[in-house]
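Next come the chains, spelled out residue by residue.
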Amino acid sequence: MCIPHGVAQKKRSAPIKKKRVQKSVQRVSQDIFEKGDPDFIDERVVPYEKKSEKKGLLSSLFGL
């Protein structure tokens, strides 16, 4: 049996999504973006070390 279009369900079976408030982030000036923040304090404990080339399995085992 076919159901006519006018007799469709009026209730929605899926939950209705609530609208979230959009969070705004303040834009940084172009000068600070290009040159970096002059008030930045580096708080890293270990200094950055450039990674050397990847070694193979045998060279890591035998120290070659």
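Since the structure is predicted, the reported quantities are computational estimates derived from the model, not experimental observations. (Residues numbered from 1 in each chain as written. Predicted model: local features only at pLDDT ≥ 70, side-chain atom pairs only at ≥ 80, totals over all residues. Heavy atoms only, no water.)

J.: Outline the overall build of the chain, listing residues and values.
T.: Scanning the chain from terminus to terminus reveals two helices and zero strands. Looking at the chain as a whole, 2% of its 64 residues qualify as buried. Counting every atom, the chain has about 8300 Å² of accessible surface; 57% of that belongs to carbon and sulfur. (Helix = DSSP H or I, 4+ residues; strand = E, 2+ residues; numbered from the N terminus. Buried < 20%, exposed > 50% of the residue type's maximum accessible area, 1.4 Å probe, protein only. Areas by Shrake-Rupley, 256 points an atom, 1.4 Å probe, with all protein chains shown as cover.)

J.: I'd like a description of the pattern of salt bridges, backed by residues and values.
T.: For the structure shown, the criterion picks out one salt bridge. Taking the shortest distance from any N to any O, the salt bridge between Lys35 and Asp31 comes out at 3.6 Å. Of this pair, Lys35 and Asp31 both sit in helix α1 (residues 30–35), four residues apart, roughly one helical turn. Residue Lys35 is classed as exposed on the basis of its relative accessible area, which comes to 68%. (Salt bridge = Lys/Arg side-chain N within 4 Å of Asp/Glu carboxyl O.)

J.: So what's going on with a nonpolar patch on the surface? Which residues, and what values?
T.: The grouping of Leu57, Leu58, Leu61 and Phe62 at the surface amounts to a nonpolar patch, some 510 Å² of accessible area in total. With respect to the secondary-structure elements, Phe62 resides in helix α2 (residues 57–62). Overall, the relative accessible area of 61% leaves Phe62 in the exposed class. (Patch = residues over 30% accessible without salt bridge, like charges linked within 9 Å, V, L, I, M, F, W, Y side chains within 5 Å.)

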